[in-house]
Amino acid sequence: MAYKRISFEVENKIAYIGFGYNCDKSMTTLDEETLGELRDIIEELHTKQKELSGAIFFTHKDRCFIAGADINLIAAMKTEADGAYGAEQGQSIFNRLEDLKIPTVACIHGVCLGGGTEFSLACKTILMSDDKGTIMGLPEVKLGLIPGFGGTYRMPKKIGLPNALDLILSGKTVNARKGKRLGLAAAVYPKERLKAMAPEHFKGEEKKQSFSESLGNLAADNFLAKKIIFQKAREGVLKMTKGFYQAPLKILDVMEAGMMKGRTSYLASEAEAFGELCVSEQSKNLQHIFFMTEKVKKYSGKKGEGKVPRFERGACLGAGTMGGGIAWLMASNNMAPIMKDLTPAALELGLKQSSSNFMGAVKRNKMTFEEFEKKQRSIACQLDYRGFKKADLLVEAVVENMDIKKKVFAEAENYVREDAVLTSNTSSLSVQEMSTALQRPERFAGLHFFNPVHKMPLVEIITHDKVAPETVEALYNWVLKAKKTPVVVKDGPGFLVNRILMPYMNEAGFLLEEGVAMKDIEDACLNFGMPMGPCRLLDEVGIDVGEKVAKIIYVGLGERAKSSNVSHMLVEKGLLGRKTDKGFYLYDEKGKVTGVNDEAMAILPKPTKKMSETEIQMRIFLPMINEASTVLADGIVTTAEEVDLGLIFGIGFPPFRGGLLRYADTEGLDNLIAALDKFAASVDKDRYGASEFMRKLASEKKKFYEFNV
Ligand SMILES: NC(=O)c1ccc[n+]([C@@H]2O[C@H](COP(=O)([O-])OP(=O)(O)OC[C@H]3O[C@@H](n4cnc5c(N)ncnc54)[C@H](O)[C@@H]3O)[C@@H](O)[C@H]2O)c1
């Protein structure tokens, strides 16, 4: 039989089955058509198995074996029964694969995730290519799902319970080296030899276990030991997720209850759990983030007439906290950057920053020591502009002062090529105004990284009147290439993220002034799912820096952006946060919190007011939603999706809520406006006055996500 999506050939009694055939997409997914063909092929193998000595599965693609089940299929599921039925369909195909009597070998090259890994687990042997891009894993938990095609059933059998739980509950991927070590892959070969070596594995092989692995698996075979493993895993999950995420707990329930079950009844409970989770609000929110992230991977903004520049070499002005991080990012991306500062001591600090980021990668086995040395040495440190003509992209990260920045740009422009793109990492100054200092403003924009650069995924690309679309597109492409998430925003006070973050800090200050205890405020935000409470966050940013940025935003936005006196009182006493080891909290020399700072507590009003957690959350998150609505109204960004993406990747807004404005839509605009009106009357009319834009949307019975510019 001829197939369209999967190639099928028999040669010397071996069936060769190739995924990603006749398909222009770079990634192969298990969509309806592919799954249908796979079912037919496996049936054909059953019919022909007497004449075959084995079946080898491989990929025609350069970078992908099977990227997973088609998420569109999952997103389209409306009921639990739909979900369970979908999982059962996949399970039945993989069961038939597992039941083949002949040797089956999956030759993994490129990305092999989710359903792809579950498919491979149903084969008797897995081989992996030694290519850097070859990875396997079950990332379903990241979408709020349980692997539904038998992954939770087969993975423990392949690699033992403790390792399987680690992979399934974290959703992390493994490369070939780790895959081999775990026993997931029987062997690793260069990509070109994978298929040819597969018949060598037709006999199957025992995985050689290390002594400690044997002990571990022996222990895991014991019923009581399994109970303990599950208990530990549950504790680990609760610690990691603070109990916010239901999928890992559900996975544990299914796997633990399934310990004594046979295949049929185990898989029935896996399918049922998949059905339940896939239509849950939490999974839908996480799927929504997945789709937003996919959408961002391609520039969809305004196109220019000219050629879009590509950045091969970089330069960074300023070697401070941010400059060191940006130089590291450039070096990681083979841009052999030049880092310029005013003193050798400052350059030393920048280099230290970069080297500590690289060493982190070495410790995590993501990079060899030789690679570290090569990349770290690729950063040229200087006090002058030598060699700046080579740079295609320059990022300025000097002190936050408009006059200094203007002066620096006017000077730097004399030393770079005319076609170089110049950017500023300013976190609060007007990019529009800064552009007036440049002779070629069309090749200038804001490029706002978040601190610390190596951890924070978001980069705001800030536009102004004169910037050329090619410049924006080039920066967008570069940010993507550097594996960060770009969002294009119009210039305005605090741009996108800091503007919406402002009420988070400000309202916490006002609540403290009203006599609400700091612990109650911090806990309310943490229990909402925020990664840090507002006081802890202010300590991290620097209370003095926070105060300065708050002032700039206040000047730009007016009374609704006013702040309390709290930051000022702490700054006056030299309590600046983590950098001075003292802020709202105390810190040890490694920057770890050691306790609440009594000195700061003595400055703050006595905590006399008891406020419910819900009220504190409303007092803090309502003004954030309100500000986000003005961000849309002012055209800083044009869609609710961009706001949500910015906050999730910029400040860690809880992903399980799907984003600030998606959360707002779920609550209902009418309800939010009613709550804002109440606080406007009882607390402050400026800070809680619902925006005209939000009222208009509500009167038209629209949601934020239905707003289109
Ligand atoms: N720190 C943050 O959390 C953060 C986050 C995002 C953006 N930013 C922005 O990044 C920029 C830098 O911030 P930072 O925290 O790295 O500051 P920093 O004080 O740590 O470093 C600034 C560096 O610039 C150097 N410098 C000053 N004038 C210079 C000149 N003319 N030429 C070359 N170097 C010069 C200083 O010597 C210093 O090493 C600021 O605009 C800031 O607003 C900071």
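Residues numbered from 1 in each chain as written. Predicted model: local features only at pLDDT ≥ 70, side-chain atom pairs only at ≥ 80, totals over all residues. Heavy atoms only, no water.

A word on the nonpolar core
Part 1 of the reasoning: Counting residues in hydrophobic clusters, the biggest one holds 137 residues, and the most contacted among them are Phe449, Trp478, Leu496, Phe584 and Phe704.
Part 2 of the reasoning: Leave out the neighbours within four places in its chain, and Phe704 touches Ile625, Ser629, Leu632, Ala640, Leu661, Ala664, Asp665, Leu669, Phe693, Met694 and Leu697.
Part 3 of the reasoning: The next biggest cluster of nonpolar side chains, apart from the first, holds 73 residues, and it includes Ala122, Met136, Ala247 and Ile251. (Core = buried A, V, L, I, M, F, W, Y, C linked by side-chain atoms within 4.5 Å. Buried < 20%, exposed > 50% of the residue type's maximum accessible area, 1.4 Å probe, protein only. Contact = heavy atoms within 4.5 Å.)

What about the pattern of salt bridges?
Part 1 of the reasoning: With the rule as written, the count across this model stands at 47 salt bridges.
Part 2 of the reasoning: The salt bridge involving Lys701 is made with Asp670; its shortest N-O contact spans 4.0 Å. Taken together, the residues Lys701 in the segment after α31 (692–699) and Asp670 in helix α29 (residues 669–682) connect sequence positions 31 residues apart.
Part 3 of the reasoning: Classification of Lys701 by relative accessible area gives exposed; the value is 67%.
Part 4 of the reasoning: Residue Asp670 is classed as partly exposed on the basis of its relative accessible area of 48%.
Part 5 of the reasoning: Connected through salt bridges with shared partners, the residues Glu507, Glu559, Lys562, Asp684, Lys685, Asp686 and Arg687 form a single ionic network. (Salt bridge = Lys/Arg side-chain N within 4 Å of Asp/Glu carboxyl O. Helix = DSSP H or I, 4+ residues; strand = E, 2+ residues; numbered from the N terminus.)

A short note on helix α20 (residues 497–514)
Part 1 of the reasoning: Taking 1.5 Å per residue, 18 residues should reach 26 Å; α20 reaches 27 Å between its end C-alpha atoms and fits that length.
Part 2 of the reasoning: Among the residues trailing α20, Gly515 stands out with phi positive, at a value near 100 degrees. (Expected span 1.5 Å × (residues − 1).)

A word on the domain arrangement of the protein
Interface size is commonly expressed as the accessible area that is lost once the parts come together.
Part 1 of the reasoning: Parsing the protein into structural domains produces domain 1 (7–201 + 210–289), domain 2 (314–490) and domain 3 (497–706).
Part 2 of the reasoning: One C-alpha centre belongs to domain 1, the other to domain 3; they are set 42 Å apart.
Part 3 of the reasoning: Taken together, the contact pairs nine residues of domain 1 with 13 residues of domain 3.
Part 4 of the reasoning: Here domain 1 meets domain 3 over a buried area of about 970 Å², counting both sides, of which 61% is carbon and sulfur.
Part 5 of the reasoning: Viewed at the interface, domain 3 and domain 1 are joined by zero salt bridges.
Part 6 of the reasoning: Summed over the shared surface of domain 1 and domain 3, the number is five residue pairs in polar contact (both at pLDDT 80 or more).
Part 7 of the reasoning: When grouped by side-chain class, the residues that make up the side of domain 1 that touches domain 3 number four nonpolar, three polar and two charged. (Domains from an automatic or database assignment. Buried area = accessible area lost by both parts, 1.4 Å probe. Polar contact = N/O pair within 3.5 Å; in protein donor to acceptor, adjacent residues only side chain to side chain. Nonpolar A, V, L, I, M, F, W, Y, C, P; charged D, E, K, R; others polar.)

Overview of the site of the ligand
Part 1 of the reasoning: Taken together, 20 residues form the shell around the ligand, and within it Met322, Asp341, Glu400, Lys405 and Ser427 come nearest.
Part 2 of the reasoning: Here an oxygen atom of the ligand and a side-chain polar atom of Asp341 are 2.6 Å apart.
Part 3 of the reasoning: In this structure, an oxygen atom belonging to the ligand sits 3.1 Å away from a side-chain N or O atom of Asn451.
Part 4 of the reasoning: Considering the ligand on its own, with 830 Å² of exposed area, one finds that the protein chains cover 77% of that surface.
Part 5 of the reasoning: Contributing elements (two or more residues each) for the shell around the ligand: α14 (321–332), α17 (402–412) and β18 (444–449).
Part 6 of the reasoning: Across the shell around the ligand, the residue classes tally to eight nonpolar, eight polar and four charged. (Near = heavy atom within 4 Å. Areas by Shrake-Rupley, 256 points an atom, 1.4 Å probe, with all protein chains shown as cover.)

Regarding the pairing of strand β17 (residues 421–424)
Part 1 of the reasoning: Residue alternation in β17 divides its side chains into two sets, Val421 and Thr423 and Leu422 and Ser424, and both sets are buried.
Part 2 of the reasoning: Pairing between strand β16 (residues 393–396) and β17: four bridges, direction parallel. Its bridge partner being in β17, Val395 is matched across the sheet by Thr423. (Pairing = 2+ DSSP bridges.)

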